[in-house]
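Given next are the chains, with one letter for each unit.
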Amino acid sequence: MNHVLNITANNTPAVVERLLQVTRYRGYELAGLQLAPRADSRSLNITLTVSGDKPIHLLTSQLHKLYDIQQLELVSAELAVLSA
Amino acid sequence: MKGAELVLQVLQQHGVETIFGYPGGAIMPIYDALYQSTVKHYLCRHEQGGAFSAIGFARASGKVGVCMATSGPGATNLITSLADAMLDSVPVVAITGQVPQAVMGSDAFQEIDVLGLSLAVTKHSFMVRSVEELEATLNQAFAIAKSGRPGPVLVDIPKDVQLAEIDYQPLASHTQKAVSVPTSLANAAKARALIAAAKKPMAYIGGGVHMAGAMPQLQQFLADNPMPSVTTLKAMGSVAKDNTHYMGMLGMHGTQAANLAVQQCDLLICLGARFDDRVTGNLQKFAPHAKVIHVDIDPAEINKVRFADAALLGDMKQILPAISASTNCDEWLAHCATLKQQHGWRYDHPGERIYAPLMLKQLSERMPDNSVVCCDVGQHQMWVAQHMRFSSPRNHLSSGGLGTMGFGLPAAIGAKLARPQDTVITVSGDGSFMMNVQELATIKRFRLPVKIVIVDNQRLGMVKQWQQLFFNERYSETDLSDNPDFVALAAAFAIPGHCITRKDEVEGALEAMFTWPGPYLLHVCIDDKDNVWPLVPPGAANEDMMTEAKA
Ligand SMILES: Cc1ncc(C[n+]2csc(CCOP(=O)(O)OP(=O)(O)O)c2C)c(N)n1
Ligand SMILES: [Mg+2]
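Residues numbered from 1 in each chain as written. Chains lettered and ligands numbered in written order. Predicted model: local features only at pLDDT ≥ 70, side-chain atom pairs only at ≥ 80, totals over all residues. Heavy atoms only, no water.

Tell me about the overall build of chain A, residues and numbers included.
Tallying secondary structure elements over chain A gives three helices and four strands in all. If you list the helices and strands of chain A from N to C, you get β-α-β-β-α-β-α. For chain A, whose C-alpha radius of gyration is 12 Å, the value lies close to the compact-globule estimate of 12 Å for 84 residues. Taken over the C-alpha atoms alone, chain A extends approximately 35 × 25 × 15 Å along its principal axes. Taking contacts inside chain A between residues at least 6 apart in sequence as the whole, the part at least 24 apart equals 71%. Surface summary for chain A: the accessible area is close to 4700 Å², and the carbon and sulfur share equals 51%. Side chains of chain A give 7 positive and 7 negative charges; the mean places of these two sets differ by 9 Å. (Helix = DSSP H or I, 4+ residues; strand = E, 2+ residues; numbered from the N terminus. Rg over C-alpha atoms; globule rule 2.2 N^0.38 Å. Contact = heavy atoms within 4.5 Å. Areas by Shrake-Rupley, 256 points an atom, 1.4 Å probe, with all protein chains shown as cover. Lys, Arg positive; Asp, Glu negative; His and termini not counted. Charge placed at Lys NZ, Arg CZ, Asp CG, Glu CD.)

Below, the structure is given as structure tokens:
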């Protein structure tokens with residue numbers, strides 16, 4: 001099942017690697033990734049789409065712990081299907 | 001001043017007086033600044049050892065441990081220890097030198113992508129890009145290392161940043177605002193109701209309790225709500241020695257009483273623990289009748305492996321009093337007391353050879369109060385957990401989550417420097433000891449009176465035990481019968497030692513070791529056939545423990 005995460009993150013050099021590393025390690029597959037710096041270029045807007053059979057909270061709770069993640073919002077799975 | 005000097009200034013502002021490390025090209029400016037600094041640097045002989053010493057320092061003292069290494073091989077040598085700190089939630093700040101930014105990304109000499117390597121083994125990591133951000137980054141590193149669930153933080157500092165000039169006025173004292181832990185007591189009433197309704201409650205205590213500074217609150221909780229308790233490897237020593245309802249360690253090599261009681265309980269109150277697979281055995285069959293209250297500071301641990309009927313997040317010190325309800329479970333307490341009686345340890349061992357469990361019990365009884373015991377990994381580690389008693393988890397340093405051989409000796413160096421007034425003992429195995437044996441040179445240089453007990457079975461015993469039980473006695477690469485002469489080895493580092501092989505030598509040898517004022521190595525030869533019991537075989541439920549008789 002696909003899940004879409006809307007993320008606001010500090011625009012630091014390794015932040016995307018950190019997101020992807022946690023996603024892979026916790027057992028989810030990357031199904032889509034979009035990112036763009038915000039106007040002040042200090043933050044990034046990231047849309048991360050992942051698929052996996054495990055409950056998604058197992059991933060979001062780990063991503064939340066990343067120091068560079070400011071906000072993380074789970075968009076419903078249906079939406080994910082629509083946008084896929 | 002230079003960035004390198006600023007690093008030491010900031011360390012001092014954080015109260016750091018002791019650091020462990022090893023120099024090299026890319027960190028030479030910091031070592032140059034160290035030359036006139038009052039920060040005391042302890043030269044390890046392998047960066048893995050230095051970082052383990054920082055971990056030992058942190059775990060024995062509750063402060064942040066600090067270690068340093070150069071770029072490339074120096075930094076890669078830190079990785080295992082950072083992983084160890086990550087899995088055991090130890091606050092460590094590691095500082096690495098990096099090649100100058102002008103050549104970064106060109107496969108320069110001793111250049112390796114340390115930031116990239118750090119991702120899986122640190123709580124967070126930084127690469128400092130200008131001297132202007134150096135101070136703030138170091139402050140953040142300390143804040144992150146010790147806040148919430150503690151962990152290791154790496155700060156990679158390119159050489160040009162170390163050499164850059166900056167106008168820096170050190171503040172008289174760094175005003176560290178104590179960050180209060182956001183705590184939610186929303187589920188406290190639910191937890192109290194569960195506790196009040198439970199007929200067979202059980203406290204399952206992990207390392208999170210003492211790391212939260214909640215030892216007094218734990219004793220109070222257990223006094224106000226009399227119930228049996230068990231601890232994880234990391235929490236040994238959390239329950240006061242006079243608490244009669246304490247049942248020992250649970251899990252793969254836990255006590256039978258602890259495992260049986262946990263399997264039977266109807267409420268499991270998990271305090272700062274994380275249902276590790278070495279604790280639960282077969283997860284589906286773990287504590288099958290129990291509802292769960294889970295208290296932790298890390299939201300990601302809630303419902304990670306076991307559903308919590310009530311979860312409370314935040315500061316253990318506030319939560320424990322808030323979930324206090326009155327238990328009424330005399331029958332259950334009596335039942336658990338019987339289990340404990342039925343499954344007590346036996347030390348009657350035939351023959352004159354040394355029986356490690358008994359030897360460790362003697363060591364435990366003989367060591368001065370508040371001694372710190374640093375373990376390595378293997379059978380001897382489990383025997384220490386089973387047969388020694390500790391008055392605080394800070395007195396029992398054992399590599400839990402990562403199970404890293406080579407931990408014991410360097411951790412003991414850190415512990416001794418953190419608590420010079422306390423006796424520090426390493427209990428190591430003949431395999432593990434050789435993994436960081438070079439740290440004997442550190443002990444020699446600083447004349448650190450660390451007591452070293454090597455439990456020598458001439459085997460990689462724990463692996464051998466599994467080969468015997470689960471791999472048809474095919475002893476692949478676990479024979480160490482050509483071990484070096486450990487007493488002679490110690491002598492090469494000016495450390496006196498003694499070798500014993502018989503039970504009746506133990507008392508005298510321990511006496512001699514403790515009486516000797518300096519470092520000392522006691523080489524204890526045991527039978528290679530001795531195994532650790534009980535054992536929950538892989539895939540089995542915790543009530544299906546193998547014992548010596550059954551094996
Ligand atoms: C760095 C590392 N490598 C390998 C292992 C796997 N391992 C676990 S216990 C053990 C044997 C340890 O031997 P020894 O230190 O002599 O302890 P004993 O079990 O004999 O008491 C091994 C190889 C490990 N835990 N750590
Ligand atoms: Mg051995």
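Outline the environment of Arg38(A), listing residues and values.
Residues and elements named next belong to chain A. Along the polypeptide, Arg38 turns up in the loop between β2 (29–37) and β3 (43–51). Put simply, Arg38 and Thr8 are 30 residues apart on the chain and 9.2 Å apart in space, counted from C-alpha to C-alpha. With sequence-adjacent residues up to four places away left out, Arg38 is seen in contact with Thr8, Ser43, Leu44 and Asn45. Separated by 3.2 Å, the side chains of Arg38 and Asn45 make a polar contact. (Polar contact = N/O pair within 3.5 Å; in protein donor to acceptor, adjacent residues only side chain to side chain.)

Which residues make up the layout of surface pockets, and what values go with them?
All names here are of chain B. By volume, the second largest pocket amounts to about 620 Å³. Counting residues per element, the ones that place at least two in the lining of the second largest pocket are β9 (246–249), α16 (356–366) and α17 (379–387). Here the lining of the second largest pocket takes four residues from β9, the largest share from any one element. Of the residues assigned to the lining of the second largest pocket, the class counts are 12 nonpolar, 14 polar and six charged. (1 Å grid on protein atoms, 1.4 Å probe; cavity = no way out; pocket = protein on both sides within 12 Å on 5 of 7 lines; lining within 4 Å. Points joined across faces, edges and corners; volume = space filled by probe spheres on them. Nonpolar A, V, L, I, M, F, W, Y, C, P; charged D, E, K, R; others polar.)

Describe the interface of chain B and chain A, naming the residues involved and giving the relevant values.
Contact residues are listed per partner, giving 15 residues for chain B and 12 residues for chain A. Of the roughly 1200 Å² buried between chain B and chain A on both sides combined, carbon and sulfur atoms contribute 59%. Counting the surface chain B buries against chain A, the share from its top three residues, Leu119(B), His124(B) and Ala300(B), is 42%. On the surface where chain B and chain A come into contact, there are one salt bridge. Here Asp298(B) and Lys65(A) are joined by a salt bridge, their closest N and O atoms 2.6 Å apart. For the side of chain B that touches chain A, the secondary-structure elements that each account for two or more residues are α6 (114–118), β5 (124–127) and α7 (134–146) of chain B. (Buried area = accessible area lost by both parts, 1.4 Å probe. Salt bridge = Lys/Arg side-chain N within 4 Å of Asp/Glu carboxyl O.)

Pulling in residues and values, what's your account of empty space enclosed by the protein?
Residue and element names in this part refer to chain B. Under the counting rule described, the total for this entry stands at two cavities of 30 Å³ or more. Lining the largest cavity are Met236, Gly237, Ser238, Val239, Tyr246, Met388, Arg389 and Phe390. Per-class residue counts for the lining of the largest cavity are five nonpolar, two polar and one charged. Counting the residues that make up the lining of the largest cavity, at least three belong to each of domain 2 (188–342) and domain 3 (356–525). Looking at the second largest cavity, its volume works out to about 40 Å³. If you trace the second largest cavity, you find it lined by Pro228, Thr244, His245, Met247, Leu333, Cys336, Ala337 and Lys340. (Domains from an automatic or database assignment.)

Describe the pairing of β3(A), listing the residues and the values that go with them.
Residues and elements named next belong to chain A. For β3, the buried fraction is high: seven of the nine residues fall into the buried class. Bridging between strand β1 (residues 2–10) and β3 involves nine bridges; their strand directions are antiparallel. Note on β3: the bridge partner recorded for Asn10 is Ser43. In terms of strand pairing, β2 meets β3 through eight bridges, oriented antiparallel. Looking at the pairing, Ala36 lines up with Asn45 of β3. Where β2 folds back on β3, the antiparallel hairpin that results is connected by five residues, among which Ser41 adopts a positive phi of roughly 60°. (Buried < 20%, exposed > 50% of the residue type's maximum accessible area, 1.4 Å probe, protein only. Pairing = 2+ DSSP bridges.)

If you had to explain the nonpolar core to someone new, which residues and values would you point to?
Residue and element names in this part refer to chain B. Counting 61 residues, the largest nonpolar core has Ile205, Leu271, Ile293 and Ile323 as its most contacted members. Viewed by domain, this core spans two of them, domain 2 (188–342) and domain 3 (356–525), each represented by three or more residues. For Ile205, the contacting residues outside a window of four places in its chain are Leu218, Leu222, Ser229, Val230, Thr231, Thr232, Ala235, Ser238, Val239, Leu271 and Ala273. Val90, Ala94, Leu397 and Ile413 belong to the second-largest nonpolar core, a separate cluster that totals 47 residues. (Core = buried A, V, L, I, M, F, W, Y, C linked by side-chain atoms within 4.5 Å.)

Requested: an account of α7(B), with residues and values cited.
Residues and elements named next belong to chain B. With 13 residues, α7 extends 19 Å from end C-alpha to end C-alpha; this agrees with the ideal 18 Å at 1.5 Å per step. Of all the residues in α7, the buried ones are Leu134, Thr137, Leu138, Asn139, Ala141, Phe142, Ile144 and Ala145. For α7, the elements touching its buried residues are α1 (3–13), β3 (65–69), β4 (92–98), β5, β6 (152–158) and α8 (159–163). Following α7 by one or two positions, Gly148 has its phi on the positive side, about 55°. (Expected span 1.5 Å × (residues − 1).)

I'd love a proper account of the coordination of the magnesium ion (ligand 2), names of residues and values included.
Residues and elements named next belong to chain B. Coordination sphere of the magnesium ion (ligand 2), protein contribution only: Asp430 (OD), Asn457 (OD1) and Arg459 (O), at 2.0 to 2.2 Å. If you list the donors of the magnesium ion (ligand 2) from N- to C-terminus, the spacing comes out as D-x26-N-x1-R. Taken as a pair, Asn457 and Arg459 share a single burial class, namely buried. (Donors = N, O, S within 2.8 Å, 3.2 Å for Na, K, Ca; no water.)

Report on unusual backbone geometry, specifying residues and quantitative values.
Most peptide bonds take the trans form, and the phi angle of most residues other than glycine is negative. Residue and element names in this part refer to chain B. In this chain, Trp533 is followed by Pro534 through a cis amide linkage whose omega measures -10°. One can find Pro534 in the segment after β18 (520–525). For Phe275, which is not glycine, the phi dihedral falls at a positive 50°. The buried category is assigned to Phe275, whose relative accessible area is 4%. In this model, Ala287 sits at a positive phi of 40°, which is unusual for a non-glycine residue. Looking at the secondary structure, you find Ala287 in the loop between α13 (277–280) and β11 (291–296). Note on Ala287: relative accessible area 0%, which makes it buried.

I'd like a description of the pattern of salt bridges, backed by residues and values.
Residues and elements named next belong to chain B. Applying the stated criterion across every chain, the model contains 20 salt bridges over all chains. In this structure, Arg419 and Asp422 form a salt bridge, with 2.9 Å as the shortest nitrogen-oxygen distance. Arg419 gets classed as buried once you look at its relative accessible area, which sits at 10%. Accessibility expressed as a relative area gives 9% for Asp422, which makes it buried.

Residue-level account of the site of ligand 1, with values.
All names here are of chain B. Lining the immediate surroundings of ligand 1 are 17 residues, of which Gln379, Asp430, Gly431, Ser432 and Gly461 lie closest. A distance of 2.7 Å separates an oxygen atom of ligand 1 from a polar side-chain atom of Ser432. Contact distances for ligand 1 include 3.0 Å between an oxygen atom and a backbone N or O atom of Arg459. Among the elements of the structure, α17, α19 (430–433) and α21 (461–470) are those that each provide at least two residues to the shell around ligand 1. Within the shell around ligand 1, the residues separate by chemical class into six nonpolar, nine polar and two charged. (Near = heavy atom within 4 Å.)

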